[in-house]
Amino acid sequence: MNIILLGPPGAGKGTQAARLTATRGMVQLSTGDMLRAAVKAGTPVGLQAKAVMESGGLVSDDIVSALIGERLDQPDTQGGVIFDGYPRTAAQAEALDGLLADRGRTLDHVIELNVDEAALIERIVGRYTCGNCGEGYHERFKRPKVDGVCDVCGSTEFKRRPDDNEATVRTRMAEYRAKTAPILPIYEARGLVQRVDGMADIDVVSAAVTAILDA
Ligand code: AP5
Ligand code: MG
């Protein structure tokens, strides 16, 4: 099963994708994570993407679709993937159709996480991750069980994303409204879109997503 999780910055795409990976063995394909890895490694893609990401703008369609294509050629994706943060433009949606068709795969669901944008600023500005294993946390909504110690790996190093400040988040949201929300009708016309209340508790959102996949 291949699904898209769609929603603005902070909607919970990464959180829900990680859960589906843990519970169903699906593979998370996050273009944001791939780009951050490229920036960290200083690859040519990373060098091109760094400033755009820090401004909150979108990296070029060709770059992100190439990253997804390469990833889909790896055998672990054959059992099912979660597209997290991709596609983000009409051109990327079209590219994804081609990438899937070329590999004889199909798209099963597009799950839109419905959220209140005003509340997302708090979600994003409070977010941090384990510097070692990448587990996600939030100052208010998801603190480690022991303060300052990662629940998963025990590391005491945490980090924040450079684009998780209020000004950049506002640009990211504007980009979502202008370029990403308009792709929903493409998938609605195919009967693929289902909506989940992304403002509910993380567990409640997970249950709603699971119900869609099990239906
Ligand atoms: P990307 O990494 O995709 O960032 P984003 O879309 O802005 O989304 P986020 O990762 O910020 O939010 P999320 O929905 O994953 O929320 P999360 O689960 O972490 O992209 C970053 C940049 O890369 C882009 O700006 C662009 O420059 C570039 N890029 C990436 N893909 C691209 C593409 N396809 N094309 C062009 N450019 C691209 O949750 C947020 C916080 O809230 C967490 O702390 C979490 O614990 C908490 N939380 C989650 N769910 C809940 C809940 N239900 N209740 C309370 N708290 C919750
Ligand atoms: Mg994310």
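Each value, and the rule that gives it
- Residues numbered from 1 in each chain as written.
- Chains lettered and ligands numbered in written order.
- Predicted model: local features only at pLDDT ≥ 70, side-chain atom pairs only at ≥ 80, totals over all residues.
- Heavy atoms only, no water.
- Disulfide = S-S within 2.5 Å.
- Buried < 20%, exposed > 50% of the residue type's maximum accessible area, 1.4 Å probe, protein only.
- Axes fitted to C-alpha atoms, helices over the stretch in contact; angles between N-to-C directions.
- Helix = DSSP H or I, 4+ residues; strand = E, 2+ residues; numbered from the N terminus.
- Parallel < 35°, antiparallel > 145°, perpendicular 65-115°, else oblique.
- Left-handed = near helix turned anticlockwise from the far one by under 90°.
- Contact = heavy atoms within 4.5 Å.
- Nonpolar A, V, L, I, M, F, W, Y, C, P; charged D, E, K, R; others polar.
- Lys, Arg positive; Asp, Glu negative; His and termini not counted.
- Salt bridge = Lys/Arg side-chain N within 4 Å of Asp/Glu carboxyl O.
- Pairing = 2+ DSSP bridges.

Novice: Could you give an account of the state of the cysteines, with specific residues and numbers?
Specialist: Here the structure, examined in full by the defined rule, presents zero disulfides. The thiol sulfur of Cys-130 is not disulfide-bonded, and the nearest other cysteine sulfur, from Cys-153, lies at 3.6 Å. By relative accessible area, which is 1% here, Cys-130 ends up buried. The thiol sulfur of Cys-150 is not disulfide-bonded, and the nearest other cysteine sulfur, from Cys-133, lies at 3.7 Å. Look at Cys-150 and you get buried, because its relative accessible area is 3%.

Novice: Can you explain the packing of helix H4 (residues 61-72) against helix H5 (residues 90-102)? Please cite residues and give values.
Specialist: A packed helix pair is summarised by two numbers, namely the angle formed by the two axes and the spacing between the axes. In contact at an axis separation of 10 Å, H4 and H5 are set at 25° when each is read in the N-to-C sense. The angle between the axes of H4 and H5 places the two elements in the roughly parallel class. In the crossing of H4 with H5, the sense of the turn from one axis to the other is right-handed. Across from Asp-61, Val-64, Ser-65, Ile-68, Gly-69 and Leu-72 in H4, the residues of H5 making contact are Ala-91, Gln-92, Ala-95, Leu-99 and Leu-100. Considering only residue class, the contact of H4 with H5 consists of seven nonpolar, three polar and one charged.

Novice: Mind laying out the side chain of Asp-84, listing which residues take part and the relevant values?
Specialist: Summarising the element assignment, Asp-84 is placed in strand E3 (residues 81-84). Buried and unpaired, Asp-84 has Lys-13 as its nearest opposite-charge partner, separated by 5.0 Å. Contact partners of Asp-84, with chain neighbours within four places excluded, come to Leu-5, Lys-13, Gly-14, Ala-17, Gln-28, Leu-29, Ser-30 and Thr-31.

Novice: Pulling in residues and values, what's your account of the sheet that holds strand E8 (residues 193-197)?
Specialist: Here five strands make up an open sheet; going across it, the order is E2-E3-E1-E4-E8 and the pairing parallel. Both outer strands of the open sheet, strand E2 (27-30) and E8, are each paired with one neighbouring strand and no more. On average, each strand axis in the sheet is tilted by 25° relative to the strand beside it, whichever way the strands run. Note: strand E4 (residues 109-114) against E8, five bridges, orientation parallel. In the strand pairing of E8, Ile-111 is matched with Gln-194.

Novice: Summarise the pattern of salt bridges; cite the residues concerned and give the values.
Specialist: In the structure shown here, the tally under the stated rule is 21 salt bridges. Between Arg-36 and Asp-33 there is a salt bridge; the shortest N-O distance is 2.8 Å. Here Arg-36 pairs with Asp-33, and both are found in helix H2 (residues 31-41), just three residues apart, close to one helical turn. As a salt-bridge pair, Arg-71 and Asp-76 come within 2.7 Å of each other at their nearest N and O atoms. Residue classification places Asp-76 among the partly exposed positions, given a relative accessible area of 40%. Each member of the salt-bridge network shares a partner with another, and the members are Arg-127, Arg-161, Asp-163, Asp-164 and Arg-172.

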